[in-house]
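Each chain, letter by letter, is given below.
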Amino acid sequence: MVKHRKKKQEEKKKLTKWNIIFPVILGAAGTGIAFGVNWFIAGPPPITQCITAENLSFNQDAFLYVTLDGEPFSIPFDVGRTEDCVKPVHTHEADTIEEDGITWTRIHSAYVKPTRFVLQDFINLWGLDLSQYDVKVFAKNVDEDSFNEIEDIRTLVLSNKVRIKMELTSK
């Protein structure tokens, strides 16, 4: 007669603080390494850099028209420009075009490679505090007939020849 051996019950593993803390430490370390590699190899974000010239391989011009409480609102000349630095997104002195009774201000983008600059980048360089206003933004590409409302200016790319209308209403 064969006697069956009783299987040993598997010991229950205890959950220790190291079982919780160690994966968190590994995740944080991995994130830190990834951030460091991205920053030091790729460099700082393009919008924070100064460009050496304006005739770089990536050049685009978007056009902006701003109203405040229904009246035209001036966009300062030389946004993104100082004596020491020209940012990749900037305006020039008196660089406007007239079209359909609207004076559009040219927003020039220049960089060493194609880069997605957005309206929020320009607003930040301008220093315009949008929290003081109710904001509506409309955009259309040059080949479109009508303007479309834009929900988030962080997603509106300053693509070549895009027309952007921004309506500010005082709060």
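Residues numbered from 1 in each chain as written. Predicted model: local features only at pLDDT ≥ 70, side-chain atom pairs only at ≥ 80, totals over all residues. Heavy atoms only, no water.

Caption draft 1: Representation of the packing of aromatic side chains. In the structure shown here, the tally under the stated rule is 5 aromatic pairs. Ring geometry for Tyr111 against Phe117: centres 6.2 Å apart, planes inclined by 85°, an arrangement best described as edge-to-face. Like Phe117, Tyr111 is buried. Taken together, the aromatic side chains of Tyr65, Trp104 and Phe147 make up a single cluster linked through ring pairs. Across the ring face of Phe147, the terminal group of Lys165 is positioned such that the distance to the ring centre comes to 4.5 Å. (Phe/Tyr/Trp six-rings, centres within 6.5 Å; stacked < 30°, edge-to-face > 60°. Buried < 20%, exposed > 50% of the residue type's maximum accessible area, 1.4 Å probe, protein only. Lys NZ or Arg CZ within 6 Å of the ring centre and 35° of its normal.)

Caption draft 2: Fine view of the state of the cysteines. Per the counting criterion, the structure on display carries 1 disulfide. With its sulfur 1.9 Å from that of its partner, Cys50 forms a disulfide with Cys85. Between Cys50 and Cys85 the disulfide shows an S-S torsion of about -110°. By sign, it is left-handed. Taken together, the residues span a long stretch of sequence, with Cys50 in the loop between α1 (17-42) and β1 (58-68) and Cys85 in the loop between β2 (71-72) and β3 (89-90) at a distance of 35 residues. The class of Cys50 is partly exposed, set by a relative accessible area of 44%. According to the relative accessible area criterion, Cys85 is buried, its value standing at 12%. (Disulfide = S-S within 2.5 Å. Helix = DSSP H or I, 4+ residues; strand = E, 2+ residues; numbered from the N terminus.)

Caption draft 3: Focus on helix α2 (residues 119-126). Among the residues of α2, Leu119, Asp121, Phe122, Ile123 and Trp126 are the ones counted as buried. Residues of α2 that are buried make contact with β1, β3, β5 (102-111), β6 (133-140) and β8 (163-170). (Contact = heavy atoms within 4.5 Å.)

Caption draft 4: Geometry of a nonpolar patch on the surface. A cluster of nonpolar residues, Leu15, Trp18, Ile20, Ile21, Phe22, Ile25 and Leu26, forms a patch on the protein surface that exposes about 760 Å² of accessible area. One can find Ile21 in helix α1. Given the relative accessible area of 35%, Ile21 is considered partly exposed. (Patch = residues over 30% accessible without salt bridge, like charges linked within 9 Å, V, L, I, M, F, W, Y side chains within 5 Å. Areas by Shrake-Rupley, 256 points an atom, 1.4 Å probe, with all protein chains shown as cover. Salt bridge = Lys/Arg side-chain N within 4 Å of Asp/Glu carboxyl O.)

Caption draft 5: Structural context of the pattern of salt bridges. The full count for this structure, using the stated rule, is 5 salt bridges. A salt bridge links Asp61 to Arg106, with the shortest nitrogen-to-oxygen separation between them at 3.5 Å. Separated by 45 residues along the polypeptide, Asp61 in strand β1 and Arg106 in strand β5 bring together distant segments of the chain. The two residues Asp61 and Arg106 agree in class, both being buried. Ionic pairing is found between Glu99 and Arg163, a salt bridge with its closest N-O pair at 2.9 Å. Of this pair, Glu99 sits in strand β4 (residues 96-99) while Arg163 sits in strand β8; the two residues are 64 residues apart in sequence, bridging distant segments of the chain. Each of Asp61, Asp95 and Arg106 takes part in a single network of salt bridges with overlapping partners.

Caption draft 6: Representation of the side chain of Arg106. A distance of 3.5 Å separates the side chain of Arg106 from the side chain of Asp61, its partner in a polar contact. At 2.9 Å, the side chain of Arg106 and the side chain of Asp95 are in polar contact. The residues contacting Arg106, other than those within four sequence positions of it, are Asp61, Ala62, Phe63, His90, Thr91, Asp95 and Ile97. (Polar contact = N/O pair within 3.5 Å; in protein donor to acceptor, adjacent residues only side chain to side chain.)

Caption draft 7: Broad picture of the pairing of β6. Bridge count between β6 and β8: 8 bridges; the pairing is antiparallel. Note that in β8 the partner of Ala139 across the bridge is Ile164. Direction of pairing for β6 relative to strand β7 (residues 148-150): antiparallel, over a ladder of 3 bridges. Bridging from a neighbouring strand, Phe138 pairs with Glu149 of β7. (Pairing = 2+ DSSP bridges.)

From the geometry alone we can't say anything about function, so treat these as descriptive.
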